[in-house]
Amino acid sequence: MVEYTGLAAQHKAVNLGQGFPDFPPPEYVTKALAEATNGKNTLLNQYTRGYGHPRLVNVIAEVFSKVHNRPINPMSEILVTIGAYQSLYCAISGHINPDDEVIIIEPFFDCYEPMVRFAGGKPVFVALKPPQSKAGKEMHSSDWLLDMKDLEAAFTPKTRMIILNTPNNPLGKVFTKKELSDIAEICIRKNILVVSDEVYEWLIFEPYQHVRIADLPGMWERTITVRSAGKTFSVTGWKLGWSIAPANLIRNCQVALQNVTYTSPTPIQEAVAVGLEIEKERMDNKDQCYFYTLPAMLVAKRDQMADMLIKTGLTPIIPEGGYFMLADYSKLKNLPSSIMMSTEGDEPKDSRFVKWMTAEKKLATIPVSAFYSKEHKHLAENYIRFCFSKNDQTLDATRKILDDWM
Ligand code: PMP
Ligand code: GLN
């Protein structure tokens, strides 16, 4: 990710690579941040409670008690962290000991693997099965299926945890209740912990529905759900996230956090608390609540993106959630043979294609092999990832590049 973000800047390319919205966040959160640093309560510029600013954990508990339909204790069942990244880090390093095995479903958000290795654990990969590519026609992320036999076979007596991500980055797959129930059944039978990365939980496109594995029978006690204010309020640069889990699991995450950063920035927590307090009151009104108006806006961008890709000869994979879209570029005509034929080194083909497209076409994306383990990178070699959470100007600039492609 770091490499491709640098490349986009170097070539001054239209950047649909790294995932971040380039439209403004809701004004009430940016105003709340200004007020937190400049307002009457100057102590908001100082450290706050290590495991989460009281105003923030209180409103997180209120919002997510409603979401999960169960009481959540703000002090013992929530941990606020620097981004969802740090929630993932604390959940993994707080529970994984050397030689423990952790199952990761591919494609996966790229930090899971190194975080498991930092903790001394061993990642074990299970790839979703892609469908056959249909040239020029759209495909859907729901066509990517988890083979339960593959999953079952990945468990050993050393397996301690499975990491799930729904909606999935990069694929945009929203796991169904049946898929999650099948995963839950194995986790209960084998006494496995689940880290469920749900940072895109609000970015669901109708008619799909987000299912939270923590809500399935027997799962609350073994699930740590990871969330992100960056995705919720379109403020990825604020880097604030949190985990929700039963107190015994949060305790292990707390131990990790207090020895890494101890606490997260107070003004950002205060501003996110204000945002959640506002949206909590609107949650029953889908026309007003940002949790629902944001995906309603994004779905139009998703469809625009798919249309542009099809016209250029790429095959998009229509996502059910999130803000990324994969596309199969392998049917494009007249691609340089240095990309398609080269057998030099072990750089995946999609990575060569992305570098070429960024430099020559000034359009930056991310190769999907970046979301696969070393041994499975070949499964992704025909795919690249586009972020469509972009303003009209960026999407128009993309359309122009794609229209002029040939
Ligand atoms: N998980 C997934 C699936 C993501 O796409 C991201 C986005 N970077 C994160 C976690 C990390 O979120 P944050 O920026 O809040 O650390
Ligand atoms: N989640 C974002 C993405 O997938 C950003 C992550 C990053 O830059 N490491 O693009």
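Definitions and cut-offs
- Residues numbered from 1 in each chain as written.
- Chains lettered and ligands numbered in written order.
- Predicted model: local features only at pLDDT ≥ 70, side-chain atom pairs only at ≥ 80, totals over all residues.
- Pairing = 2+ DSSP bridges.
- Helix = DSSP H or I, 4+ residues; strand = E, 2+ residues; numbered from the N terminus.
- Axes fitted to C-alpha atoms, helices over the stretch in contact; angles between N-to-C directions.
- Domains from an automatic or database assignment.
- Contact = placed C-beta atoms within 7 Å.
- Nonpolar A, V, L, I, M, F, W, Y, C, P; charged D, E, K, R; others polar.
- Buried ≥ 20, exposed ≤ 12 C-beta atoms within 10 Å, placed from the backbone.
- Parallel < 35°, antiparallel > 145°, perpendicular 65-115°, else oblique.
- Left-handed = near helix turned anticlockwise from the far one by under 90°.

1. Comments concerning the sheet that holds strand β5 (residues 139–140)
Sheet architecture is open: 5 strands sit in the order β5-β10-β11-β14-β13, paired in mixed fashion. Sheet topology places β5 and β13 (366–367) at the edges, where each strand pairs with a single neighbour. Alignment of β5 against strand β10 (residues 315–318), held across 2 bridges, turns out to be parallel. Residue pairing in the sheet places M139 in a bridge with I317 of β10.

2. Notes on the sheet that holds strand β7 (residues 193–197)
Strand order across the open sheet formed by 7 strands is β2-β9-β8-β7-β6-β3-β4, with mixed pairing between neighbours. Only two strands of the sheet have a single neighbouring strand rather than two, namely β2 (78–82) and β4 (122–127). Taken pair by pair, the neighbouring strands of this sheet meet at an average axis angle of 20°, ignoring direction. Bridge analysis of β2 against strand β9 (residues 240–244) gives 5 bridges, and the strand direction is antiparallel. Bridged to I78 within β9 is I244.

3. Examining the environment of E375
Residue position: E375 is located in the loop between β13 and β14 (383–387). Each C-alpha atom, one on E375 and one on F125, is 9.3 Å from the other, the two residues being 250 residues apart in sequence.

4. Considerations on the domain arrangement of the protein chain
Parsing the protein chain into structural domains produces domain 1 (2–25 + 289–403) and domain 2 (27–282). Centre-to-centre separation of domain 1 and domain 2, based on C-alpha positions: 25 Å. Every contact between the two is made by 39 residues of domain 1 and, on the other side, 41 residues of domain 2. The leading source of residues in the side of domain 1 that touches domain 2 is helix α11 (residues 290–312), at 9 residues. By residue class, the composition of the side of domain 1 that touches domain 2 is 27 nonpolar, 7 polar and 5 charged.

5. Brief notes about the environment of A247
Relative to the assigned elements, A247 resides in helix α9 (residues 247–258). Residue class for A247 comes out exposed when judged on the 12 C-beta atoms lying within 10 Å of it. Taking the C-alpha atoms as reference points, A247 and L79, separated by 168 residues in sequence, lie 9.9 Å from one another. In this view, A247 contacts N73, S76 and E77; residues no more than four positions away in its chain are not counted.

6. Quick word on the packing of helix α3 (residues 54–68) against helix α10 (residues 266–282)
At a minimum axis separation of 8 Å, α3 and α10 run at an interaxial angle of 30°. Relative to α10, α3 is oriented roughly parallel. Of the two possible hands of crossing, α3 and α10 adopt the one that is left-handed. Contact residues: R55, L56, V59, I60, E62 and V63 in α3; Q269, E270, V272, A273, L276, E277 and K280 in α10.

7. Remarks on the environment of F20
Positionally, F20 belongs in the loop between β1 (14–15) and α2 (27–38). Residue F20 is classed as partly exposed on the basis of its C-beta count, with 17 C-beta atoms lying within 10 Å. Here the alpha-carbon distance between F20 and Y323, two residues 303 residues apart in the chain, equals 8.6 Å.

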